[in-house]
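Analysis of the macromolecular model
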Amino acid sequence: MLLVSEPILGDEEKAALSDVVECGWITMGERVRAFEQAFARHHGTSDAVAVNSCTAALHLALEGLGVGPGDEVLVPSLTFVATANSVLYAGATPVFIDIESLEIPLMSIADADAKCTTKTKAIIIMHYAGYLADRHTWRDFARSRGLVLIEDAAHAAGVYGAGTFGDAAAFSFYGNKNMTTAEGGVVLAADDAVLARIRQMRGHGMTSGTRERLSSRSPTYDVTMLGYNYRLDELRAAIGLVQLKNLEWWNSRRQELTRRYHRRLSEDCPNVLVPFQVPRDAAYHIMPVILPSSADRAQIMGKLRDAEIQTTIHYPPVHSLSFYRDRCSSPRLSQTEEFARRELTLPLHPKMEAWHVDRVAAELARALAG
Ligand SMILES: *Cc1c(COP(=O)(O)O)cnc(C)c1O
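We now turn to the structure provided with this report. (Residues numbered from 1 in each chain as written. Predicted model: local features only at pLDDT ≥ 70, side-chain atom pairs only at ≥ 80, totals over all residues. Heavy atoms only, no water.)

1. Notes on empty space enclosed by the protein
Applying the stated rule across the entire model yields one cavity of 30 Å³ or more. Every residue along the wall of the largest cavity is listed here: Glu 6, Pro 7, Ile 8, Lys 177, Asn 178, Met 179, Thr 180, Gln 243, Trp 250, Arg 254 and Pro 350. Within the lining of the largest cavity, the residues separate by chemical class into five nonpolar, three polar and three charged. Each of domain 1 (11–242) and domain 2 (246–369) gives at least three residues to the lining of the largest cavity. (1 Å grid on protein atoms, 1.4 Å probe; cavity = no way out; pocket = protein on both sides within 12 Å on 5 of 7 lines; lining within 4 Å. Points joined across faces, edges and corners; volume = space filled by probe spheres on them. Nonpolar A, V, L, I, M, F, W, Y, C, P; charged D, E, K, R; others polar. Domains from an automatic or database assignment.)

2. As for the packing of helix H3 (residues 54–64) against helix H7 (residues 192–202)
Look at H3 against H7: their axes get within 9 Å of each other, and the N-to-C directions meet at 125 degrees. One element, H3, and the other, H7, form an angle in the oblique class. The two elements H3 and H7 meet at a crossing, and its hand is right-handed. Here Leu 60, Ala 61, Glu 63 and Gly 64 of H3 come into contact with H7, specifically with Val 194, Arg 197, Ile 198, Met 201 and Arg 202. The residue inventory of the contact of H3 with H7, partitioned by class, reads five nonpolar, one polar and three charged. (Axes fitted to C-alpha atoms, helices over the stretch in contact; angles between N-to-C directions. Helix = DSSP H or I, 4+ residues; strand = E, 2+ residues; numbered from the N terminus. Parallel < 35°, antiparallel > 145°, perpendicular 65-115°, else oblique. Left-handed = near helix turned anticlockwise from the far one by under 90°. Contact = heavy atoms within 4.5 Å.)

3. Notes on the site of the ligand
In the vicinity of the ligand, 16 residues are found, and the nearest of them are Cys 54, Thr 55, Asp 152, Ser 172 and Lys 177. Contact distances for the ligand include 3.3 Å between an oxygen atom and a side-chain N or O atom of Lys 177. Note that an oxygen atom of the ligand is positioned 3.2 Å from one of the side-chain N or O atoms of Tyr 315. Secondary-structure elements contributing two or more residues to the shell around the ligand are H3 and helix H4 (81–89). Split by residue class, the shell around the ligand holds seven nonpolar, seven polar and two charged. (Near = heavy atom within 4 Å. Polar contact = N/O pair within 3.5 Å; in protein donor to acceptor, adjacent residues only side chain to side chain.)

4. Details of the sheet that holds strand S2 (residues 72–76)
With respect to topology, seven strands assemble into an open sheet ordered S1-S7-S6-S5-S4-S2-S3, the strand pairing being mixed. Looking at which strands have only one partner, the edges of the open sheet turn out to be strand S1 (49–51) and strand S3 (93–97). In this sheet, neighbouring strand axes are inclined to one another by 25 degrees on average, regardless of whether the strands run parallel or antiparallel. When strand S4 (residues 120–126) meets strand S5 (residues 148–152), the two strands line up parallel, connected through five bridges. (Pairing = 2+ DSSP bridges.)

5. Notes on the nonpolar core
In terms of nonpolar packing, the biggest core is built from 53 residues, with Phe 35, Phe 39, Ile 123, Tyr 128, Trp 138, Phe 171 and Val 186 touching the most fellow members. Residue assignment for this core shows that the elements contributing at least two residues are helix H2 (30–43), S3, S4, helix H6 (135–145), strand S6 (168–172), strand S7 (185–189) and helix H9 (234–268). In terms of residue count, the dominant contributor to this core is H2 (five residues). Residue-level mapping places this core at the junction of two domains, with at least three residues from each of domain 1 (11–242) and domain 2 (246–369). Non-local contacts of Phe 39, meaning those with residues more than four positions away in its chain, are made with Phe 171, Phe 173, Met 179, Val 186, Leu 188 and Leu 244. If you look at the next biggest cluster of nonpolar residues, it comprises 37 residues, including Leu 62, Phe 96, Val 187 and Leu 333. (Core = buried A, V, L, I, M, F, W, Y, C linked by side-chain atoms within 4.5 Å. Buried < 20%, exposed > 50% of the residue type's maximum accessible area, 1.4 Å probe, protein only.)

Take a look at the structure:
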């Protein structure tokens with residue numbers, strides 16, 4: 001079966017894990033710290049805070065920037081549910097925003113503008129499929145309205161400058177992302193004091209960690225804020241350090257495969273719309289296409305499955321999920337709904353070869369032909 005995504009793990013990761021086991025210090029030690037610094041360097045910031053998921057990272061970014069009860073946060077509906085969940089964790093209210101178009105399925109600035117109220121406190125933009133939103137447009141938008149700007153950069157690891165648009169950003173190292181630690185995430189923040197607060201909130205709000213108490217000989221600690229246990233361990237950080245070394249070439253491999261998809265699909269499936277035709281900075285996280293309006297997506301997915309090609313959907317819109325439908329006033333997000341109804345995600349990962357892309361395009365053409 002050709003999978004939509006696959007982690008790449010090998011001997012280097014095995015050796016890194018084994019080193020941790022031998023050294024005996026298994027959580028929040030020098031590897032976590034080294035991983036934070038290496039990740040920050042790769043994205044053009046001076047530091048980072050490693051956590052155990054992107055969801056935790058989003059929660060800490062919101063709370064670290066003072067978003068809380070009574071605040072509204074603009075979020076895309078075309079995203080993974082965690083983006084909106086994190087807003088609820090912070091006690092704030094998510095307000096769902098439409099995408100720009102089927103061609104550019106990123107949050108619409110016009111719709112964001114229309115949905116700003118006196119309660120709007122923050123915006124979370126999401127770099128869908130790894131294609132970066134427009135930095136200057138969103139920065140100006142947030143600045144002119146005095147809003148906190150957060151990036152859900154779960155799809156954009158490895159793109160220099162991703163995570164530096166606004167006040168804070170969250171990355172994911174879940175198993176299907178461009179790099180993985182099995183589970184894990186990172187927070188970046190523009191303001192050092194905010195990042196320091198986030199670091200403290202990651203570990204129960206304690207003023208020092210186990211490691212620091214060992215080296216500083218100060219036996220006690222204080223708790224000065226409500227914190228969480230969002231720590232990353234040394235085993236995951238060790239894998240992350242290896243993955244990070246490969247990330248750049250994996251992403252360029254994803255770009256080559258994406259370019260080939262564009263060529264093959266325009267020849268084999270001219271009635272399929274491929275978003276992001278206009279080049280922009282990207283991590284090429286997934287390969288979304290838009291089927292013809294009349295196509296039966298479930299049937300096409302079944303035919304591709306019979307041809308041993310896995311496909312998925314990114315995403316069922318969050319505002320249409322039962323939990324959110326029942327608790328939020330359900331807006332009409334026409335572009336998001338149309339996109340989600342017709343979207344199909346094709347396999348894309350660095351283990352694929354050019355001939356895999358050719359086969360997927362040919363099988364998709366065959367499935368569409370009926
Ligand atoms: C994967 C993902 C998340 C959640 O990441 P975890 O590390 O699993 O918490 C959040 N937002 C988006 C857009 C994602 O794709």
